[in-house]
Amino acid sequence: MCKTCGCAIPAPAQQSVINPALKFTIVDVVQDLFAANNLTAAHNRKHFDENGVLAINLMSSPGSGKTTLLEATILALRTRYRIAVIEGDLETERDAERIRACGVPALQITTGTACHLDASLVHQALHQLPLADIDLLFIENVGNLVCPASFDLGQHLNVTLLSVTEGDDKPAKYPVIFRASDLVVLSKTDLLPVLDDFLPSRALSALRGLGVATPMIHTAGRRDLAIGAWIEWLKSQLENRDIKADVQEINAPAEQDASTLCA
Amino acid sequence: MHELSVCHALLTQVADIARAQAAEAVECITIEVGPLSGTEPTLLLNAFLVMRSGSAATATLVIERGPVKISCLRCGVNSETPPNRLICTHCGGWRTRVIAGDTLCLKRIEMRMPEPTDRTHCLNSEPIQYV
């Protein structure tokens, strides 16, 4: 029934109530405020899928070791998979330079004052990368546990790092980003012996408190390099997607053993 | 901080609808910002007051919050929970599904229309069908 005058006009799905006497219109819509971003993200994902690229959005607070983990990851996997990185930072080209030094293409997006990457920024970047020659694309988001969680970039998987120097209650403090994660990486775990206030079991308990079964793995990207569980997870994701690398691996040299990478 | 981006998206959607309806001005906008949507209502309102323009230059923003609700995958009971403790209040199970509270959407726009002479003409040319 019409809310304005009580007549029996059936309500359309998206209702517009017009009362000429009051010169007033009410439009009821249910429209996601991220609709425009989601549309661009879907477009990005199509680009990735058409080129057999597995895209991973890497998120964390600043300084938790995203770039360090990527450096170690590239050294461990670059002989088997073709890797590229999109770097997001407010300023400087430093992270992209670090990645390029590992021998893979990297593109830096400097966001200026923006606290997150969005789908349109990634779209601009992906057209500057040779997507057809990439198996695994990391998008290193701006260091921030709040805003990046809300913006779909077109990635296939979200990975959030939690360094052990940050506190084991982070999942309870930042539920949105940890709920959006497909994997949580506890980083800098080689520091655990000298920290008396971080318990991995408490971090896992806080994560489970968000009602998610998201796996949590441990890594150390520098001293006492330990990225085996991370590498195994990446490989299983790549194999699940049946990407181009599987076809080419016959000619690819065996990958470098992650345990021998510690300088 | 990303509330500015969200506000920009909101005002774009509102302007599109106001244009499609040939509205003179947008009076009131209602949105839902769930506690698990990742957006802060106060910051969004502040952004809105700075950014509103054009047909929405004097519009008011109504923000509906609503509770977080989960459905337990073990016992099937629905319950209301805090945003960072999505545990079934009935059986304590942590395998749950969020059924409300993570929404960020535009729900309703109230608009002032141009002078009734135009509208009368419009209504006369397309009579309302009664069922």
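Above this note sits the structure.
This report concerns the structure included in the present document. (Residues numbered from 1 in each chain as written. Chains lettered and ligands numbered in written order. Predicted model: local features only at pLDDT ≥ 70, side-chain atom pairs only at ≥ 80, totals over all residues. Heavy atoms only, no water.)

The next subject is the overall build of chain B. Check the secondary structure of chain B and you find 3 helices and 6 strands. Ordered by position from N to C terminus, the α and β elements of chain B give α-β-α-β-β-β-β-β-α. The burial tally for chain B puts 40% of its 131 residues in the buried class. When contacts within chain B are restricted to residue pairs at least 6 apart in sequence, long-range pairs at least 24 apart make up 69% of them. Of the roughly 6900 Å² of accessible surface on chain B, a fraction of 53% belongs to carbon and sulfur atoms. (Helix = DSSP H or I, 4+ residues; strand = E, 2+ residues; numbered from the N terminus. Buried < 20%, exposed > 50% of the residue type's maximum accessible area, 1.4 Å probe, protein only. Contact = heavy atoms within 4.5 Å. Areas by Shrake-Rupley, 256 points an atom, 1.4 Å probe, with all protein chains shown as cover.)

For the structure shown, the criterion picks out 17 salt bridges over all chains. Across the pair A:Arg98 and A:Glu71 runs a salt bridge whose closest N-O atoms are separated by 2.9 Å. Of this pair, A:Arg98 sits in helix H3 (residues 94-100) while A:Glu71 is found in helix H2 (residues 66-77), placing the two residues 27 residues apart along the sequence. With relative accessibility at 29%, the residue A:Arg98 sits in the partly exposed group. Put simply, B:Glu24, B:Glu27 and B:Arg112 are held in one network by salt bridges that share partners. (Salt bridge = Lys/Arg side-chain N within 4 Å of Asp/Glu carboxyl O.)

Take the pairing of strand S4 (residues 83-89) of chain A next. Residues and elements named next belong to chain A. With 7 of its 7 residues buried, S4 lies for the most part within the structure. Burial along S4 is two-sided: Ile83, Val85, Glu87 and Asp89 and Ala84, Ile86 and Gly88, pointing in opposite directions, are all buried. Sheet topology places S4 next to strand S6 (residues 136-140); 5 bridges connect them, and they run parallel. Along S6, the bridge assignment pairs Ile83 with Leu136. Across 5 bridges, S4 lies against strand S5 (residues 106-110) in parallel orientation. When the sheet's bridge partners are listed, Ile86 is paired in S5 with Leu107. Once you follow S4 into H3 and on to S5, the crossover reads as right-handed. (Pairing = 2+ DSSP bridges. Right-handed = clockwise from strand over helix to strand, strands pointing away.)

Here the focus is the packing of H2(A) against helix H8 (residues 228-240) of chain A. Two numbers describe a pair of packed helices, the interaxial angle and the distance between the axes. Residues and elements named next belong to chain A. Running from amino to carboxyl end, H2 crosses H8 at an angle of 65°, the nearest separation of the two axes being 11 Å. Seen from above, H2 lies across H8 with right-handed handedness. Between H2 and H8, the residues in contact are Leu69, Thr73, Ala76 and Leu77 and Trp230, Ile231, Leu234 and Lys235, respectively. Here the residues of the contact of H2 with H8 sort into 6 nonpolar, 1 polar and 1 charged. (Axes fitted to C-alpha atoms, helices over the stretch in contact; angles between N-to-C directions. Left-handed = near helix turned anticlockwise from the far one by under 90°. Nonpolar A, V, L, I, M, F, W, Y, C, P; charged D, E, K, R; others polar.)

This part is about the packing of helix H1 (residues 3-20) of chain B against helix H2 (residues 41-51) of chain B. Residue and element names in this part refer to chain B. Contact geometry of H1 with H2 gives a least axis separation of 9 Å together with a crossing angle of 55°. With respect to H2, the element H1 is oriented oblique. Seen from above, H1 lies across H2 with right-handed handedness. Facing Glu3, Leu4, Val6, Cys7, His8, Leu10 and Leu11 of H1, the residues of H2 in contact are Leu43, Leu44, Ala47, Phe48 and Met51. In the contact of H1 with H2, the residues fall into 10 nonpolar, 1 polar and 1 charged. (Parallel < 35°, antiparallel > 145°, perpendicular 65-115°, else oblique.)

It is worth spelling out the nonpolar core at this point. In terms of nonpolar packing, the biggest core is built from 32 residues, with A:Ile56, A:Phe138, A:Val159 and A:Trp230 touching the most fellow members. Of all the elements in the fold, those that place two or more residues in this core are strand S3 (54-59), H2, S4, H3, S6, strand S7 (157-163), strand S8 (183-187) and H8 of chain A. Looking at this core element by element, the count peaks at 6 residues for H2(A). Beyond its immediate stretch of four places on either side in the chain, A:Val159 contacts A:Ile56, A:Asn57, A:Leu58, A:Met59, A:Leu183, A:Val185, A:Trp230 and A:Trp233. With 28 residues, the next largest nonpolar core counts B:Leu10, B:Ala18, B:Ala23 and B:Leu61 among its residues. (Core = buried A, V, L, I, M, F, W, Y, C linked by side-chain atoms within 4.5 Å.)

In this model H1(B) runs 26 Å from its N-terminal to its C-terminal C-alpha over 18 residues, within 8% of the 26 Å that 1.5 Å per residue would give. Listing the buried residues of H1(B) in full gives B:Glu3, B:Val6, B:Cys7, B:Ala9, B:Leu10, B:Leu11, B:Gln13, B:Val14, B:Ile17 and B:Ala18. Of the surrounding elements, those touching the buried residues of H1(B) are strand S2 (24-32) and helix H1 (35-50) of chain A together with strand S1 (25-33), H2, strand S2 (60-64) and strand S6 (104-112) of chain B. Looking one or two residues beyond H1(B), the residue adopting positive phi is B:Ala22, at roughly 55°. (Expected span 1.5 Å × (residues − 1).)

What follows is about H2(B). All names here are of chain B. Turning to H2, its buried residues are Pro41, Leu44, Ala47 and Phe48. Buried residues of H2 fall within an arc of 125° about the axis and therefore sit on the same side. With respect to the buried face of H2, the exposed residues turned more than 90 degrees away are Thr42 and Val50. Lining the buried residues of H2 we find H1, S1 and S2. (Arc of directions from axis to C-beta.)

Residue and element names in this part refer to chain A. For Thr92, which is not glycine, the phi torsion reads 75° and is therefore positive. By relative accessible area, which is 37% here, Thr92 ends up partly exposed. Positive phi values are uncommon outside glycine, yet Lys188 reaches one of about 60°. Assignment of secondary structure puts Lys188 in the loop between S8 and helix H7 (200-208). Take Lys188: its relative accessible area is 26%, and that puts it in the partly exposed class.

Here we come to the environment of B:Glu80. All names here are of chain B. Structurally, Glu80 is set in strand S4 (residues 78-81). The exposure class of Glu80 is exposed, given its relative accessible area of 52%. Along the primary structure Glu80 and Gly101 are separated by 21 residues, whereas in three dimensions their C-alpha atoms are 9.6 Å apart. Contact partners of Glu80, with chain neighbours within four places excluded, come to Pro67, Val68, Lys69 and Thr89.

Worth remembering: the numbers are spatial, not functional.
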